[in-house]
Amino acid sequence: MLGICRGRRKFLAATLTVLFVPAFTWIYLFSGTFKDEKPVSLSPYEAPANSPRYVFNQRERESLEVRMREVEEENQALRKQLSLAQSRVHHHRNHSKSYSTEEGTGDNEVVHALAWNSSECGRRPTVEKCETIHIAIVCAGYNASRDVVTLVKSVLFHRRNPLHFHFITDAIAKQILGYLFETWMVPAVTVNFYDADELKPEVSWIPNKHYSGIYGLMKLVLTKTLPASLERVIVLDTDITFATDIAELWAVLHKFKGQQVLGLVENQSDWYLGNLWKNHRPWPALSRGYNTGVILLLLDKLRKMKWEQMWRLTAERELMNMLSTSLADQDIFNAVIKQNPILVYQLPCFWNVQLSDHTRSEQCYKDVSDLKVIHWNSPKKLRVKNKHVEFFRNLYLTFLEYDGNLLRRELFGCPSEVDKNSQNLQKQLLELDEDDPCYEFRRERFTVHRTHLYFLHYEFELSAEDTEVTLVAQLSMDRLQMLEAICKHWEGPISLALYLSDAEAQQFLRYAQGSEVLMSRSNVGYHIVYKEGQFYPVNLLRNIAMKHVNTPYMFLSDIDFLPMYGLYEYLRYHVWTKGHAPTNFAKWRTATTPYHVNWEVDFEPYVVVRRDCPEYDRRFVGFGWNKVAHVMELDAQEYEFIVLPNAYMIHMPHAPSFDITKFRSNKQYRICLKTLKEEFQQDMSRRYGFAALKYLTAENNS
């Protein structure tokens, strides 16, 4: 069906005929709020009866829980110290001939031992409470953008300091990570991006056989890439998992002496020893060499040493014999260190436990509890051979599926710059009345959902014809089985918003990677919107899917509607000076040419529209009026609805959704929906004036 816009010449394609079939599927949603507002005391002692009591809100309660966890960790560390001290005392009692048997001596020994431990801790370089820790990561493409999130989660989970991430990215990773951090809204986290394409000429002259490609060489140019004011940085590969606070690693930078400018862990494989196979010729390295998955860089000193010139001359000289690098930047770092050993501060191996089939990582530690950083430095990743691989895999999976919303915690006592968007959001939330029976509905409109765009590889090039159409839909986990059918029926590009938890996102990934149908398609954009709040944010999901359409036209559908075979080609065939809209089914059955229809009350056709059409109204969540309001606004903006003959969709079977059940069983739900409808119509009157009166009149007459 085609449509012409009256007046301002906007374009709309109206709905196709829909054939309905019974359905048996339902939606599972998270919901949960703190209902009990009991007073909480920060003191271990009971407060006086007449003292003021404070009621914590949800954010403060979460912060308190975090602090309690931190205190418990500190207590555990102290208990461990005490245990060690007592064991030393016991050892001294058994072996010292001059040991006094007086009652108080043992206690003095314990105090002495604790003092010795404290002095040891005191000699460790410390990190100021609110000192910002800088982290640099090279990340390019769809897969790396997905992998780096697990690393970031592990760092955020343990951190107690402000963090500043410096991402060297291609355009794809910048779009994905930029939107992710913008919607993640983690306090005391700053993110900057640096264009990897601009750096390619710096390293493209180096032949590289490593699977990381040209991006595996970009750590060499960080002194030139990162701001001149930045003095030190921790550099990480994307396949790293932290098991401790990154501040401990940051503190090691203060231990560097003399000309030490690089902090590295020794390589845990025999690669640089050259004995892995016959005629194996590795690049030059000191003994086993060093692994560059974790690097500490003193940038200011490196710049003064003319690092750029140093590594370039070394690379040019070695390439005359080696012809190419096998391990990307690691080969060149090691060749430089071979000539200049004084540049390296060797980190303990637990800062980079390397898990690949050729490593001896088991020799690096006595117990897995000693580990601080795990590095999955193998193309096989989680399938590597190691006697503790199940422990490592479980640790990785913990962060992979960890709810990232829980990492939005404030840092106590550290000033945090709040951006303008956050300030506006806080202002809007404060203006809401918490005693309003519809407060939860109104609050949902301002909820910022963490969003990961293009969760899987996406590739689509526009044809020369200006008639491409993208199918737009949204779904949750219970509709996942419908994806394959949609992809079989619609061969054109698809933009999908999926409402999932972190754990469900990984289930979806496994499902997609195991599906021949889905893996054969690269023109499907999967955008993960992470679960938060009580309602299914249906219109937010639609808006996100619409926003990331790159064709001139969009087919606004739902996941439970199956297009007829060949519908994609059929819509391209028609002249696009018109649009699409709903239909009169009796007329459609005999129609041979497109025909006009008028807007009606509760009209919610599935339509094809231009990409610049209005967004859906976010006040409508769950069930009710979400599509109706959108079509009403299209009509108010003078879109004209035209029905296409010979085009239809089939409604696939599924059970009533959780939100429909709530609507039917909850009187307050229905009252709030009615209130939101009235407010929407009032807003329409303010925006469109006299033209919007017909909606009120039609509603009253229906």
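Computed from a predicted model, the values in this text were never measured in an experiment.

A. Up close: the nonpolar core. If you look at the biggest cluster of nonpolar residues, it comprises 100 residues, and the most contacted ones within it are Phe242 and Trp311. Looking at which element gives the most residues to this core, the answer is helix α3 (residues 141-158), with eight residues. If we ignore the near neighbours within four places in the chain, the residues touching phenylalanine 242 are Leu151, Ser154, Val155, His158, Leu236, Leu249, Trp351, Lys372, Val373 and Phe399. One finds Leu475, Val524, Tyr606 and Val608 within the second-largest nonpolar core, a separate group that totals 32 residues.

B. Quick look at helix α11 (residues 389-400). Its twelve residues give α11 an end-to-end C-alpha distance of 16 Å, which sits within 8% of 16 Å, the value for a rise of 1.5 Å per residue. Taken residue by residue, α11 has Val389, Phe392, Arg393, Leu395, Tyr396, Phe399 and Leu400 as its buried positions. Mapping the buried residues of α11 onto a view down its axis gives an arc of 160°, with all of them on the same face.

C. Representation of the sheet that holds strand β12 (residues 373-375) within the structure. If you walk across this open sheet you meet the three strands as β7-β12-β11, and the pairing is mixed. Sheet topology places β7 (240-242) and β11 (353-354) at the edges, where each strand pairs with a single neighbour. Packed on one face of the sheet, α11 meets β7 and β12 and runs near 85° to β7.

D. Inspection of the environment of proline 552 at higher detail. Along the chain, proline 552 falls in the loop between α17 (538-547) and β17 (553-556). Given a relative accessible area of 13%, proline 552 falls into the buried group. Between the C-alpha atoms of proline 552 and arginine 610, which are 58 residues apart in sequence, the distance is 6.0 Å. Ignoring sequence-local partners within four residues, the contact set of proline 552 consists of Leu462, Asp466, Glu468, Val609, Arg610 and Arg611.

E. View of the packing of helix α20 (residues 626-636) against helix α22 (residues 667-688). Between α20 and α22, the shortest axis-to-axis distance is 12 Å and the interhelical angle comes to 15°. As judged from the angle between their axes, α20 and α22 are roughly parallel. The two elements α20 and α22 meet at a crossing, and its hand is right-handed. On α22, the residues touching Ala629, Met632, Glu633 and Ala636 of α20 are Phe680, Met684, Arg687 and Tyr688. Taken together, the residues that form the contact of α20 with α22 break down as six nonpolar, no polar and two charged.

F. Molecular detail of a nonpolar patch on the surface. Judged by side-chain polarity, Phe690, Leu693 and Leu696 come together as a nonpolar surface patch covering roughly 320 Å² of accessible area. Its location among the elements puts phenylalanine 690 in the loop between α22 and α23 (693-701).

G. Fine view of unusual backbone geometry. Residue lysine 306 is not a glycine yet carries a positive backbone phi of 60°. Take lysine 306: it is sitting in the loop between α8 (299-304) and α9 (307-322). Given the relative accessible area of 53%, lysine 306 is considered exposed. Backbone geometry at alanine 328 places phi at a positive 55°, although glycine is not the residue there. Mapped onto the elements, alanine 328 comes out in the loop between α9 and α10 (329-339).

H. Structural detail: the packing of aromatic side chains. One pass over the full model with this rule turns up 23 aromatic pairs. With a centroid separation of 6.2 Å and 10° between ring planes, the pair formed by tryptophan 205 and tryptophan 311 is classed as stacked. Taken together, the positions of tryptophan 205 in the loop between α5 (196-203) and α6 (222-225) and tryptophan 311 in helix α9 put the pair 106 residues apart, joining distant regions of the chain. An aromatic cluster of at least three residues, connected via ring pairs, comprises Phe165, Phe167, Phe181, Trp184 and Phe193. The cationic tip of arginine 450 hangs over the ring face of tryptophan 184; the distance from NZ or CZ to the ring centre is 5.6 Å. We note arginine 542 situated over the ring of tyrosine 616; from NZ or CZ to the ring centre the distance is 5.1 Å.

I. Main features of α5. Burial in α5 covers these residues: Ala196, Leu199, Glu202 and Val203. Buried residues along α5 cover an arc of 90° about the axis, so they all sit on one side. Seen from the buried face of α5, the exposed residues on the opposite side, beyond 90 degrees, are Glu198 and Pro201. Along its buried surface, α5 packs onto β4 (163-169), β5 (189-195), α6 and α9. Where α5 begins, the capping side chain belongs to aspartate 195, and its oxygen is found 2.9 Å from the backbone nitrogen of aspartate 197.

Rules used throughout
Residues numbered from 1 in each chain as written. Predicted model: local features only at pLDDT ≥ 70, side-chain atom pairs only at ≥ 80, totals over all residues. Heavy atoms only, no water. Core = buried A, V, L, I, M, F, W, Y, C linked by side-chain atoms within 4.5 Å. Buried < 20%, exposed > 50% of the residue type's maximum accessible area, 1.4 Å probe, protein only. Helix = DSSP H or I, 4+ residues; strand = E, 2+ residues; numbered from the N terminus. Contact = heavy atoms within 4.5 Å. Expected span 1.5 Å × (residues − 1). Arc of directions from axis to C-beta. Pairing = 2+ DSSP bridges. Axes fitted to C-alpha atoms, helices over the stretch in contact; angles between N-to-C directions. Parallel < 35°, antiparallel > 145°, perpendicular 65-115°, else oblique. Left-handed = near helix turned anticlockwise from the far one by under 90°. Nonpolar A, V, L, I, M, F, W, Y, C, P; charged D, E, K, R; others polar. Patch = residues over 30% accessible without salt bridge, like charges linked within 9 Å, V, L, I, M, F, W, Y side chains within 5 Å. Areas by Shrake-Rupley, 256 points an atom, 1.4 Å probe, with all protein chains shown as cover. Salt bridge = Lys/Arg side-chain N within 4 Å of Asp/Glu carboxyl O. Phe/Tyr/Trp six-rings, centres within 6.5 Å; stacked < 30°, edge-to-face > 60°. Lys NZ or Arg CZ within 6 Å of the ring centre and 35° of its normal. Polar contact = N/O pair within 3.5 Å; in protein donor to acceptor, adjacent residues only side chain to side chain.

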